[in-house]
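Reading the structure
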Amino acid sequence: MRPGIHPVSRPVVFRDRASGFHLLTRSTIDTRQTVQGEDGITYPVVDVETSSASHPFYTGNARVVDIAGRVQRFERRYGRTTSARH
């Protein structure tokens, strides 16, 4: 392999914002945020929205999304648009 063309792989913590789950693994992702690990070493951290610790498929907990409430809130905030022309 040619030297100098591959990204550098380093230890990175992926943190699930929904459940607080932390996963230390190797990655080439670049981030400026850091977190102190349980071993006292400072690692770069990447915040993710969902992981296997919080995703409904893996946990078995379904979340109810209030879509009708979102639409009503949008219409109340921005008003209804004119009806579509044919």
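Bear in mind that the values here come from a model prediction, so they are computed numbers and not experimental data. (Residues numbered from 1 in each chain as written. Predicted model: local features only at pLDDT ≥ 70, side-chain atom pairs only at ≥ 80, totals over all residues. Heavy atoms only, no water.)

1. Quick word on the overall build of the protein chain
How we decide: By definition, any uninterrupted DSSP run of H or I lasting at least four residues is a helix, any uninterrupted run of E lasting at least two residues is a strand, and each is numbered from the N terminus. Classification of residues uses two cut-offs on accessible area relative to the type maximum, computed with a 1.4 Å probe and protein chains only: under 20% is buried, over 50% is exposed, and between them is partly exposed. Residue contacts are counted whenever heavy atoms from the two residues lie within 4.5 Å of one another. Calculation of accessible area relied on Shrake-Rupley with a 1.4 Å probe; when residues are assessed, cover is drawn exclusively from the protein chains displayed.
What the protein chain contains, in helices and strands, is two helices and four strands. The order of α-helices and β-strands along the protein chain, N terminus first, is β-β-β-β-α-α. Burial status across the protein chain gives 15% buried among its 86 residues. Across the protein chain, contacts joining residues at least 24 apart in sequence account for 34% of those joining residues at least 6 apart. If you sum the accessible surface of the protein chain, you get close to 7700 Å²; carbon and sulfur atoms cover 52% of it.

2. Description of the pattern of salt bridges
Counted only if it meets this: Between Lys or Arg on one side and Asp or Glu on the other, a salt bridge is scored when a side-chain nitrogen of the former is within 4 Å of a carboxyl oxygen of the latter.
One pass over the structure, following the stated rule, counts two salt bridges. When the shortest N-O distance is used, the salt bridge between D47 and R15 registers 2.6 Å. Linking D47 in strand β4 (residues 42–48) with R15 in strand β1 (residues 10–16), this pair joins segments that are 32 residues apart in sequence. The exposure class assigned to R15 is partly exposed, which follows from its relative accessible area of 25%.

3. A few points about the packing of aromatic side chains
Cut-off, in case you're wondering: Between 30 and 60 degrees the pair is tilted, below 30 it is stacked and above 60 it is edge-to-face, where a pair is any two Phe, Tyr or Trp rings, Trp via its six-membered ring, whose centres lie within 6.5 Å.
Applying the stated criterion across every chain, the model contains one aromatic pair. Between F74 and Y78, the aromatic rings sit 5.0 Å apart at their centres with planes inclined by 50°, giving tilted as the arrangement. Of this pair, F74 and Y78 both sit in helix α2 (residues 67–78), separated by four residues, roughly a single helical turn. The exposed category is assigned to Y78, whose relative accessible area is 57%.

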